[in-house]
Amino acid sequence: MTVNFEHVKKLRQQTGAGIMDCKEALSSSNNDFEKAIVWLRKKNLTQVAKKSQRHAAEGLVSSYIHGEGRIGVLVEVNSETDFVARNETFKDFVKYLRLHIAAMNPLFIREDEIPANTLEKEKKVFLEQAQQKTKKEEMVARISEGLYKKWLAEVCLLHQEFIRPDLEKKQTVLESLNELIAKLGENIVIRRFVRYELGETDPKQQLDFAKEVQETLKG
């Protein structure tokens, strides 16, 4: 099977794995990018997977205030060494991450932080919605899974599309984080964040605010 060079390049950037390993992963996965990542992880060939086991206690705690005090964000991102914490690439990631949190208002960092009862409840709702759309079991499972992934992108920081104007292509926060780990050669962890918003905000105001922050980023 012919392997696309751009896919190899992207896979290497995201995982830190060697070129030949990336080619083999894509070939074994029929050029399916996500399956190739899983293949590399199973083979323990990704530098990102290896680095994720290392302790990270340095880094930055960074803050952002928007709209003359309407929104406030405090985020902690850890690295293994103070040297990387002073790196401009690392600092830029943290800067845009806090702006992203202000705009997108995630509730969790990763999927495993969501309470089990909440996950069970949401999955049940998505299953019922899918069953209303079709009677075919295969389609029900596919639709339900799609609804679940869409919901994760709404509530989990790592699953959200990263609002960052200097990115060459669209990618999630997790994809951007993995690229940063591969580039800087250290384990980097988004440890925690808190987001404050002045008063109550209805959904329309929240959407308008998100657009406002996005326009600020573009400018």
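**Points about the nonpolar core**
Soluble globular proteins: nonpolar side chains tend toward being buried together. Counting 27 residues, the largest nonpolar core has Phe90, Leu97, Ile188 and Ile190 as its most contacted members. Mapped onto this core, the elements with two or more residues apiece are β2 (71–79), α5 (82–85), α6 (88–104), α9 (173–184) and β3 (189–197). A per-element tally of this core places α6 first, with 8 residues. For Ile190, the residues in contact, after removing those within four places along its chain, are Glu76, Val77, Phe93, Leu97, Ile109, Arg110, Leu157, Leu158, Val173 and Leu177. Listed in part, the 12 residues of the second largest apolar core include Ala17, Cys22, Leu26 and Ile37.

**Focus: the pairing of β2**
Across the 9 residues of β2, 8 count as buried, placing the element largely inside the fold. Bridge analysis of strand β1 (residues 58–66) against β2 gives 9 bridges, and the strand direction is antiparallel. Counted as the bridge partner of Ser63 is Leu74 from β2. Where β1 hands over to β2, the hairpin turn is made up of 4 residues, of which Gly67 adopts a positive phi near 65 degrees.

Rules and cut-offs
Residue indices begin from 1 for each chain and proceed along its sequence in written order. Whole-chain, interface and lining totals are the exception, using all residues; otherwise, since this is a predicted model, local features are given only for residues with pLDDT of at least 70 and side-chain atom pairs are given and counted only at 80 or more. For side-chain calculations, the full set of non-hydrogen atoms in the structure is used, while hydrogens and water are omitted. Buried Ala, Val, Leu, Ile, Met, Phe, Trp, Tyr and Cys residues form a nonpolar core when they are joined through side-chain atoms within 4.5 Å. Summary of the burial criterion: residues with accessible area below 20% of their type's maximum are buried, those above 50% are exposed, and those between are partly exposed, where the area comes from a 1.4 Å probe applied to protein chains only. Runs of E in the DSSP output that reach at least two residues are strands. Runs of H or I that reach at least four are helices, and both are numbered from the N terminus. The contact criterion used is simple: two residues touch if any of their non-hydrogen atoms lie within 4.5 Å. Strands were regarded as paired on the criterion that DSSP finds at least two bridges between them.

Geometric values such as these leave the question of function open.
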